[in-house]
2 protein chains.
Amino acid sequence: VPAISARALSGIPELRAGDDLAALILAALAELPLDDRSLLAIAHTAVSKVEGAVVELDRVRPSPQALQLARELGKDARAVQVTLDESSEVLRAERGVLICRTRHGFVCANAGVDVSNTGAGDQVIVLPRDPDASARRLRASLRERTGRAPAVLISDTFGRAWRHGQVDVAVGLAGLQPLDDWRGRSDTEGVELKATWLAVADAAAAAADLARRKDSHEPVVLLEGLEEYVSQEDGPGAAALLRPLGEDLFR
Amino acid sequence: VPAISARALSGIPELRAGDDLAALILAALAELPLDDRSLLAIAHTAVSKVEGAVVELDRVRPSPQALQLARELGKDARAVQVTLDESSEVLRAERGVLICRTRHGFVCANAGVDVSNTGAGDQVIVLPRDPDASARRLRASLRERTGRAPAVLISDTFGRAWRHGQVDVAVGLAGLQPLDDWRGRSDTEGVELKATWLAVADAAAAAADLARRKDSHEPVVLLEGLEEYVSQEDGPGAAALLRPLGEDLFR
């Protein structure tokens with residue numbers, strides 16, 4: 001019986017700007033199989049750190065808007081300023097929650113700005129500038145070194161409008177089909193399927209996160225069994241998962 | 001290295017009201033291991049069918065409101081009436097989309113009413129009346145027959161406000177911790193963790209759905225490797241995943 005599996009890699013060290021993430025992943029894989037049908041799911045914080053997508057809060061001058069929002073929400077005004085810098089639109093600012101649309105188009109709390117887990121003091125981690133490009137570069141680097149090109153998924157942890165808790169979703173992608181569209185197709189017995197439009201990449205991100213221990217540094221997860229969605233081409237990336245502004249019913 | 005895995009069961013037949021789902025699952029498991037640490041993730045349509053949570057459209061009289069909405073949205077007025085009957089609130093009705101809060105509190109398209117996949121003509125499938133109770137009953141039945149009590153998760157496929165495509169989420173649950181709360185805790189190096197509040201049950205539902213072939217009848221998926229979240233007690237159920245009305249910023 002075919003199955004999918006997810007396994008977190010141990011041994012990825014604390015990361016710094018300029019670190020060679022592909023080399024560190026290959027070392028951490030050790031004897032685990034890596035092939036063209038595998039998927040590596042990577043927490044964006046790891047990618048952001050090696051790319052230097054980190055902001056020193058001491059160097060941030062909060063604007064009047066940031067100071068006002070910080071007062072209302074009980075947040076650090078410098079972190080709010082970084083959030084505003086990362087945002088194209090503030091959707092909600094109430095009850096201590098700041099929901100923004102990022103420059104990339106993701107809608108999430110604090111525009112994806114991460115106030116902890118930096119491994120250092122007064123720093124925040126922001127999303128990579130272009131997470132799809134980051135995924136493609138990492139994949140190219142893995143291909144160059146090993147001759148094999150697993151798909152690469154970069155994830156962030158998002159809350160949900162109507163449900164408690166958070167799940168990982170894809171913010172960057174190379175080599176994985178982001179969506180599987182079955183709308184209008186029929187099943188094996190000719191019955192029309194429910195309007196099914198599976199967000200493959202988001203489901204893979206969520207599955208990968210289940211395999212991570214939360215109290216340890218396990219940014220990278222190896223997923224197997226998703227070969228039907230993995231391609232040699234990098235494909236459209238996670239940007240294809242974004243609902244266009246004009247279709248947003250919940251601004 | 002520990003891992004999580006998801007494997008769809010083959011051989012579950014087309015289901016009808018009154019079918020013994022526990023017996024059919026045990027038969028489909030065949031020689032696969034089922035123990036107290038396993039999780040069975042089941043598409044709600046399977047549970048709804050055996051519970052008779054199916055509505056014959058010929059017997060539905062659409063109200064003036066349903067007729068009006070159906071005209072505006074280009075939908076079947078009888079299906080819209082069933083959706084309204086299942087809803088406590090209509091959040092959005094535009095661009096062909098009807099987003100409702102169900103009687104249970106789930107916010108989703110068409111209040112979870114499924115217009116296809118019934119295996120019959122003019123029928124729609126609705127969510128089980130009390131999906132947490134359905135999960136507990138199924139788990140009790142499995143325990144009674146085998147002496148083992150895997151966790152049981154009942155899923156539905158939901159769209160997302162700001163992302164294309166759909167992912168499975170938990171609508172019913174017995175024996176699985178729905179949420180894992182790490183907020184305020186520290187990691188292995190004493191660094192405070194990002195506000196992490198993992199929606200375990202929703203991630204498990206998404207992982208399970210990845211293992212299903214969409215063109216075949218595979219409502220049941222066996223997940224292994226989630227034992228840290230599985231308990232003998234049935235626990236609070238999927239109801240614990242609902243954000244209370246008073247905290248909803250997107251009504």
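My aim in this report is to walk through the structure given alongside it, one point at a time. Small disclaimer: the values here were computed from a predicted structure and weren't measured.

### Remarks on the relation of the copies chain B and chain A
When chain B is fitted to chain A, the residual RMSD is 0.0 Å, and the transformation amounts to a turn of 180° plus an axial shift of 0.0 Å. Look at the turn and shift together and you get a two-fold axis relating the two. Mapped onto chain A, 100% of the interface residues of chain B again fall at the interface, so both copies present the same surface.

### Things to note about helix α6 (residues 200-210) of chain B
Most of α6 of chain B is tucked away: 11 of the 11 residues are buried. Among all positions in α6 of chain B, only V200, A201, D202, A203, A204, A205, A206, A207, A208, D209 and L210 of chain B are buried.

### Focus: helix α1 (residues 21-29) of chain A
Residue and element names in this part refer to chain A. All of the buried residues along α1 are L21, A22, I25, A28 and L29. End-on view of α1: buried residues confined to an arc of 130°, all on one side of the axis. Here the buried face of α1 lies against β2 (39-43), α2 (44-51), α5 (131-146) and β12 (220-224). Trailing α1 by a residue or two, A30 shows a phi angle of about 50°, which is positive.

### Here's the deal with the interface of chain B and chain A
Each partner contributes residues to the interface: chain B has 74 residues there, and chain A has 74 residues. Of the roughly 6900 Å² buried between chain B and chain A, counting both surfaces, carbon and sulfur atoms make up 58%. The tally of links between chain B and chain A comes to four salt bridges. A salt bridge links D202 of chain A to R163 of chain B; the nearest nitrogen and oxygen atoms lie 2.8 Å apart. Those elements that place two or more of their residues in the side of chain B that touches chain A are β1 (4-8), β4 (87-94), β5 (97-102), β8 (151-159), β9 (166-174), β11 (197-198) and α6 of chain B.

### Description of the packing of aromatic side chains
Per the stated rule, a full pass over the model turns up four aromatic pairs over all chains. Judged by centre distance (6.4 Å) and plane angle (70°), the ring pair of F106 of chain A and F158 of chain A falls under edge-to-face. Taken together, the residues span a long stretch of sequence, with F106 of chain A in the loop between β5 (97-102) and β6 (107-109) and F158 of chain A in strand β8 (residues 151-159) at a distance of 52 residues. Seen in terms of ring centroids, W162 of chain B and F250 of chain B are 4.9 Å apart; in terms of plane orientation they differ by 75°. Their pairing is edge-to-face. With W162 of chain B in the loop between β8 and β9 and F250 of chain B in the segment after β12 (220-224), the pair connects residues that are 88 residues apart, well separated along the chain. F250 of chain B matches W162 of chain B in its accessibility class, with the two residues each being buried. In this structure, R183 of chain A packs its charged tip against the face of W197 of chain A, placed 3.8 Å from the ring centre.

Parameters and conventions
- Residues numbered from 1 in each chain as written.
- Chains lettered and ligands numbered in written order.
- Predicted model: local features only at pLDDT ≥ 70, side-chain atom pairs only at ≥ 80, totals over all residues.
- Heavy atoms only, no water.
- Least-squares fit on C-alpha atoms with pLDDT ≥ 70 in both.
- Contact = heavy atoms within 4.5 Å.
- Buried < 20%, exposed > 50% of the residue type's maximum accessible area, 1.4 Å probe, protein only.
- Helix = DSSP H or I, 4+ residues; strand = E, 2+ residues; numbered from the N terminus.
- Arc of directions from axis to C-beta.
- Buried area = accessible area lost by both parts, 1.4 Å probe.
- Salt bridge = Lys/Arg side-chain N within 4 Å of Asp/Glu carboxyl O.
- Phe/Tyr/Trp six-rings, centres within 6.5 Å; stacked < 30°, edge-to-face > 60°.
- Lys NZ or Arg CZ within 6 Å of the ring centre and 35° of its normal.

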